[in-house]
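# Structural overview for review
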Amino acid sequence: KHNLNYAKIKGAKIKRVIKVDDEVYDLYAVKQGFIYITDIKDGNSGTLYITKGPEAKKIDDDVSSVRSNIKVSNNGKKIYYLKDFEETSGNLYVSSGREGKKIVKNVCSYEYANDDLIYYVSNCSMVNNVNYPGDLYKYDGKSTKLATDITAPIATMRDSYSDK
């Protein structure tokens, strides 16, 4: 955990430093500024905030604090995240810097390709502390269907936003 501070920089001079938040666990760049997780409870979930400048705005509570459960869209304008995570699954939400909207229930894990293509695993189970995979689905930005036409790998290494 770290402190998150803000300061205007003009030339070689740093203006007054303002503390935005403390106990910040992860920081992600988005088009609107930065998002971060704080107020971690039970080691698995916390509160998701967005900040541009010295003031932070809460997006949602009970957001999974596992880094792979938060993704930023390719253009940096949307944030995808799992929340209400219990045992093996949670609900997938999307936000544009405001309160999130639930788009899919019962998600064990997911991979974001673009806003019109998210693959996710649902219907997972756990027996004797061993996770068993469920069914692979495809979300196209509007609806969900069982993924039966996979022709390319779905894993990606991208976990940050670039404005190039």
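First things first, this report covers the structure right here in the doc. (Residues numbered from 1 in each chain as written. Predicted model: local features only at pLDDT ≥ 70, side-chain atom pairs only at ≥ 80, totals over all residues. Heavy atoms only, no water.)

## Considerations on the packing of aromatic side chains
Counted according to the given criterion, the structure contains 4 aromatic pairs. Ring centres of Y81 and Y93 lie 5.7 Å apart, and the angle between their planes is 15 degrees; on these two criteria the pair is classed as stacked. Separated by 12 residues along the polypeptide, Y81 in strand β10 (residues 79-86) and Y93 in strand β11 (residues 89-95) bring together distant segments of the chain. With relative accessibility at 0%, the residue Y81 sits in the buried group. Under the relative-accessibility criterion, Y93 is labelled buried at 10%. Arranged with centres 5.4 Å apart and planes meeting at 15 degrees, the rings of Y120 and Y137 form a pair that is stacked. Taken together, the positions of Y120 in strand β13 (residues 117-122) and Y137 in strand β16 (residues 135-139) put the pair 17 residues apart, joining distant regions of the chain. You'll find Y120 and Y137 in the same group, each marked buried. The aromatic ring of Y93 is capped on one face by K83, whose charged end is 5.2 Å from the ring centroid. (Phe/Tyr/Trp six-rings, centres within 6.5 Å; stacked < 30°, edge-to-face > 60°. Helix = DSSP H or I, 4+ residues; strand = E, 2+ residues; numbered from the N terminus. Buried < 20%, exposed > 50% of the residue type's maximum accessible area, 1.4 Å probe, protein only. Lys NZ or Arg CZ within 6 Å of the ring centre and 35° of its normal.)

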